[in-house]
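Read off the chains here:
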Amino acid sequence: MFDIKDERNLTMLTDFYELTMANGYMVKGIGEKEVVFDMFFRKIPDNGGYAIAAGLQQLIEYIKNLSFSKEDVNFLRSKHMFSEEFLSYLESFKFTCDIWAIKEGTPVFPKEPIVVVKGPAMQAQLIETMVLLTINHQTLIATKANRISRAAQGRPVMEFGSRRAQSYDAAMLGARSAFIGGCSSTACVIADQYYSIPAVGTMAHSWVQIFDDEYEAFKAYAETYPESCTLLVDTYDVLKSGMPNAIRVFDEVLKPMGIHPAGVRIDSGDIAYLSKKMRKMLDDAGYPECKIVASNALDEYIIRDLILQGAQVDSFGVGENLITSRSEPVFGGVYKLSAVEQDGIMTPKIKISESSEKITTPGFKNLYRLFDKKTDKAIADYICLREEEINEDEPLVIFDPDAVWKHKKLTDYKAECLLERICDRGKIVYTSPSLKDIREFCRQQVSLMWDELLRFENPHRYYVDLSDKLWNLKHTLLEENSYK
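Summary of the structure given here. (Residues numbered from 1 in each chain as written. Predicted model: local features only at pLDDT ≥ 70, side-chain atom pairs only at ≥ 80, totals over all residues. Heavy atoms only, no water.)

**Section: the sheet that holds strand β8 (residues 230-232)**
Thought 1: The strand order across the open sheet built from 6 strands is β7-β6-β11-β10-β9-β8, with neighbouring strands paired in parallel fashion. Looking at which strands have only one partner, the edges of the open sheet turn out to be β7 (185-186) and β8.
Thought 2: Of the pairings in the sheet, the one linking strand β6 (residues 157-159) to strand β11 (residues 315-318) comprises 3 bridges and is parallel in character. Each residue of the ladder has a partner; that of methionine 158, found in β11, is glycine 317.
Thought 3: Sheet contacts for helix α11 (residues 238-257): β8 and β9 (263-266); angle to β9, the most-contacted strand, approximately 160°. (Pairing = 2+ DSSP bridges. Helix = DSSP H or I, 4+ residues; strand = E, 2+ residues; numbered from the N terminus. Contact = heavy atoms within 4.5 Å. Axes fitted to C-alpha atoms, helices over the stretch in contact; angles between N-to-C directions.)

Structure below.
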């Protein structure tokens, strides 16, 4: 697996204010004070029912390689803003925080902690940017890929977005997260090399144009790649030229070899109409097994509508709308302080805002997913304080923290803790599954959600509830701090 350290040291990929605050903590004698930070988000992209957690493996690689080089320290010294004590600390920096996180591929919801960091204030603050950068980006793309893959209703979706990605990192890690979300393959070769995501590709319009005529182009391609021959049939005219030439090549080149054609691809035009005509032409020619591949600025809505219109498409190639999550290109995860150690006790902290959605949930917390034992479907997520335990043998009353009169008594349920320990006092103790296993885990976890949550428009709201103790704590702190 690709290790981020093989390419460069990203320790300095941090916001400048994180360094100035860390320095300030040390100067004021509170740098080693234990704190807790939560990473969470407030809104699901595309007004969807859930997001898909991704990016944890890259965060782990970053944590493993945290170290400041002499060049890094000298650069910071040149800013004339940092104490020599702090610079000396960076020279021998050793990460000692605890980290808990939700496993990649898990459906996640607003306001619940995806990553929890506990440790010295200087260190917990320092990693803020990379926590957000790795989790936000890959969660965004995995979420979009899951929507698109579900729209395809079991038909393979190929990630075709490398050339439209925002950078080479976004292309590589976008392919990784798209695979987690449900894509079957990628056009990005380096993603296959590093992550073993199957790399696929057909032919370019330039291949067709460089030959004297379309038939010669198709013939040359079939002779070169007979076992994986998929021909691009829309360079000139799909029905009058492309398809007849493709079928002729199948007859003259592949059939004598005893090889079935892999497919034909269209990248323009009315895909629903053309694919129906193409299917009939292929079937009439004796190639019912030949697949039809469609691309051309597709997204979940177009794919859904194509299927509703009876389009005869067997697989989809999706580019910029997937790799950039073009419809909503920002995943708004935030990283907020939730507790500070005082006299050996973790004291809860709250951030108050006139915007109610920006008020944080205080305390050192844990997160559970509650399942109905009869159906195995997820009922709700349940945030409680770290010291609280759930006894599945006793009834549990859950309620909407924003509308407390909405409550439900659970009796035949099971509770699964979602936060896994990743790092124990700086040592990585979590072994990441293979990417294929993460992808399968994602598929399985999504299947545990109710169908109403899977709608693209107006999905059912999934409840993220607070324990009585945590809800009372939050409102006590709101009252105590509202006039400060």
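**A short note on the packing of aromatic side chains**
Thought 1: Enumeration over the complete set of coordinates arrives at 16 aromatic pairs.
Thought 2: A centroid spacing of 6.3 Å and a plane angle of 25° characterise the contact between phenylalanine 86 and tyrosine 89, whose relative ring orientation is stacked. In this pair, phenylalanine 86 and tyrosine 89 are both assigned in helix α4 (residues 84-91), 3 residues apart and thus about one turn of the helix distant.
Thought 3: In this structure phenylalanine 86 comes out as buried when scored by relative accessible area, which is 1%.
Thought 4: Ring geometry for tyrosine 301 versus phenylalanine 456: centroids 6.0 Å apart, planes at 70°, classification edge-to-face. Placement of tyrosine 301 in helix α13 (residues 300-308) and of phenylalanine 456 in the loop between α15 (435-446) and β21 (464-466) is noted, with a sequence separation of 155 residues between them.
Thought 5: By relative accessible area, tyrosine 301 is classed as partly exposed at 26%.
Thought 6: An aromatic cluster is defined as three or more aromatic residues linked by ring pairs; in this entry it consists of Phe16, Phe68, Phe82, Phe86, Tyr89 and Phe93.
Thought 7: A cation over an aromatic ring shows up here: arginine 248 above the ring of tyrosine 215, its NZ or CZ 3.7 Å from the ring centre.
Thought 8: Here the basic side chain of arginine 439 rests over the ring of phenylalanine 179, its NZ or CZ set 5.0 Å away from the ring centre. (Phe/Tyr/Trp six-rings, centres within 6.5 Å; stacked < 30°, edge-to-face > 60°. Buried < 20%, exposed > 50% of the residue type's maximum accessible area, 1.4 Å probe, protein only. Lys NZ or Arg CZ within 6 Å of the ring centre and 35° of its normal.)

**Re the packing of helix α1 (residues 16-27) against α4**
Thought 1: Relative orientation of the contacting elements α1 and α4 amounts to 110°, with a least axis distance of 9 Å. Classed by the angle they form, the pair α1 and α4 counts as roughly perpendicular. Crossing of α1 against α4: the hand is right-handed. Note on element contacts: α4 touches α1 through Glu85, Phe86 and Tyr89, opposite Leu19, Ala22, Asn23 and Met26.
Thought 2: Considered class by class, the residues forming the contact of α1 with α4 number 5 nonpolar, 1 polar and 1 charged. (Parallel < 35°, antiparallel > 145°, perpendicular 65-115°, else oblique. Left-handed = near helix turned anticlockwise from the far one by under 90°. Nonpolar A, V, L, I, M, F, W, Y, C, P; charged D, E, K, R; others polar.)

**Some points on the pairing of strand β1 (residues 34-40)**
Thought 1: Extensive coverage of β1 is indicated by the burial of 7 of its 7 residues.
Thought 2: Across 6 bridges, β1 lies against strand β5 (residues 115-120) in antiparallel orientation. Within β5, the residue paired with valine 36 across the bridge is lysine 118.
Thought 3: Two strands pair when backbone bridges link them, and β1 and strand β12 (residues 334-342) are joined in this way by 6 bridges, in the antiparallel orientation. By the bridge assignment for β12, phenylalanine 37 is matched with leucine 337.

**Digging into the pattern of salt bridges**
Thought 1: Scanning the model with the defined rule gives 32 salt bridges in all.
Thought 2: Taking the shortest distance from any N to any O, the salt bridge between glutamate 84 and arginine 77 comes out at 3.0 Å.
Thought 3: Under the relative-accessibility criterion, arginine 77 is labelled partly exposed at 30%.
Thought 4: The partner of glutamate 440 in a salt bridge is arginine 443, with the nearest N and O atoms 2.6 Å apart. With glutamate 440 and arginine 443 both in helix α15 and 3 residues apart, this pair spans about one turn of that helix.
Thought 5: Residues joined in a network through salt bridges with shared partners are Glu34, Asp98, Lys118, Arg421, Asp424 and Arg425. (Salt bridge = Lys/Arg side-chain N within 4 Å of Asp/Glu carboxyl O.)

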